[in-house]
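Architecture at a glance
Each chain, written out:
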There are 2 protein chains.
Amino acid sequence: MKAEHINPFIRALINGFDTMLSCKVTRGEIHLKGDPQTKFEISGIIGLSGKAVGTVVVALSESVALKAASAMLMDEYTEINDDVVDAVGEMANIVAGAAKAELAEFDMSVSLPNVITGKGHDVRFPSNVTPLCVPFECPWGELAIEVGLAPAPAEAGSMATAGLA
Amino acid sequence: MKAEHINPFIRALINGFDTMLSCKVTRGEIHLKGDPQTKFEISGIIGLSGKAVGTVVVALSESVALKAASAMLMDEYTEINDDVVDAVGEMANIVAGAAKAELAEFDMSVSLPNVITGKGHDVRFPSNVTPLCVPFECPWGELAIEVGLAPAPAEAGSMATAGLA
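What follows covers the packing of aromatic side chains. Residues and elements named next belong to chain B. Per the stated rule, a full pass over the model turns up two aromatic pairs over all chains. Aromatic pair F17 and W140: ring centres 6.4 Å apart, planes at 50°, arrangement tilted. Here F17 is found in helix α1 (residues 7-21), whereas its partner W140 is found in the loop between β8 (132-138) and β9 (141-151), with 123 residues between them in sequence. You can call F17 buried: its relative accessible area is 2%.

What follows is the structure, given as structure tokens:
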């Protein structure tokens, strides 16, 4: 994927946190996924498919997940429960939904979010995909997004046409 | 989702293991996801979207992942590395691809697989989705699939038409 394709996801995350949660997040540098990698406690993950296929991972430290869910659901959460899981899934949904609208040339639709919990979990991509990662900081702690996009299998011959290579 | 919608995924897993890996798997009972839940070491996860949206999780014990990757790639793997991760992602891809072909009425396309590693990880679904789980046994150990399907957001009004309710 081209580095520019991650920009809509970055904007979607910053805007989502700002408008929905009144939380200012600051982005770090785009980098390739690799070790050493910060491990997060909870990750929202959602698939995209159309002329390109991909996934977006919104990875949150526990403190960010709890504060974000508390702000989103106007309640106070102190542990990861079903509500927090739903809030994290919804964040992944919002980021993917806003980004796909900007990436209209790929005509993608979003699937259903899943949320991964468990300290030390790692979300990995197929080795033929090069996911781009962006770390963020906010007053609640650290978070990151990881985005992998590839040409859709039927479109693999038109990789250049799809603008992915 | 209707219980019958999981059948194509069950058939796809059994056929995939049989034809690709020469491994006979035996299925257990379909059940709703809930505690206590067997935890698996590695999970392949892939999104589907179209007239319905959903995800398929293929969850494997470490021994099944290693033996399956060894059979698929004709090598011998003794630890979870990039090749094993790719093989598990490919399994999720194969199961989702074969099942979506049978569920033609939902006109779904598959996204990119992700693979979750880390002992004790849990793959959770949004609370408004009721994923169905099926455990399997094979000579290599235990595995399971979890499938959650929901009407696509734009199609939510035609849930009955889409055959999901």
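From this point, the discussion proceeds with the structure in view.
The next point concerns the interface of chain B and chain A. At the junction of the two partners, chain B supplies 32 residues and chain A supplies 32 residues. Counting each side, the surface lost to burial between chain B and chain A is near 2,500 Å², with a carbon and sulfur contribution of 52%. Among the residues of chain B in contact with chain A, L112, N114 and R124 of chain B are the three that bury the most area, contributing 29% of the side total. For the pair chain B and chain A, the interface holds two salt bridges. As a salt-bridge pair, R124 of chain A and D82 of chain B come within 2.9 Å of each other at their nearest N and O atoms. For the interface between chain B and chain A, the tally reads 15 residue pairs in polar contact (both at pLDDT 80 or more).

With that settled, the discussion passes to the side chain of H121 of chain A. Inspection of the secondary structure assignment puts H121 of chain A in the loop between β6 (114-117) and β7 (122-124). A relative accessible area of 4% places H121 of chain A in the buried class. For H121 of chain A, the side chain forms a polar contact with the side chain of S43 of chain A, separated by 2.8 Å. If we ignore the near neighbours within four places in the chain, the residues touching H121 of chain A are K39, F40, E41, I42, S43 and I116 of chain A together with I116, T117, G118 and H121 of chain B.

Here the focus is the relation of the copies chain B and chain A. In summary, the two copies of the chain are related to each other by a rotation about an axis coupled with a shift along it. After a rotation of 180° and a shift along the axis of 0.0 Å, chain B superposes on chain A with an RMSD of 0.0 Å. A rotation of that kind, with that shift, is consistent with a two-fold axis. Using C-alpha coordinates, one finds that chain B approaches the rotation axis most closely at G47 of chain B, a distance of 2.4 Å. When the interface residues of chain B are mapped onto chain A, 100% of them again lie at the interface, so the same face is used by both copies.

Procedures and definitions
Residues numbered from 1 in each chain as written. Chains lettered and ligands numbered in written order. Predicted model: local features only at pLDDT ≥ 70, side-chain atom pairs only at ≥ 80, totals over all residues. Heavy atoms only, no water. Phe/Tyr/Trp six-rings, centres within 6.5 Å; stacked < 30°, edge-to-face > 60°. Helix = DSSP H or I, 4+ residues; strand = E, 2+ residues; numbered from the N terminus. Buried < 20%, exposed > 50% of the residue type's maximum accessible area, 1.4 Å probe, protein only. Contact = heavy atoms within 4.5 Å. Buried area = accessible area lost by both parts, 1.4 Å probe. Salt bridge = Lys/Arg side-chain N within 4 Å of Asp/Glu carboxyl O. Polar contact = N/O pair within 3.5 Å; in protein donor to acceptor, adjacent residues only side chain to side chain. Least-squares fit on C-alpha atoms with pLDDT ≥ 70 in both.

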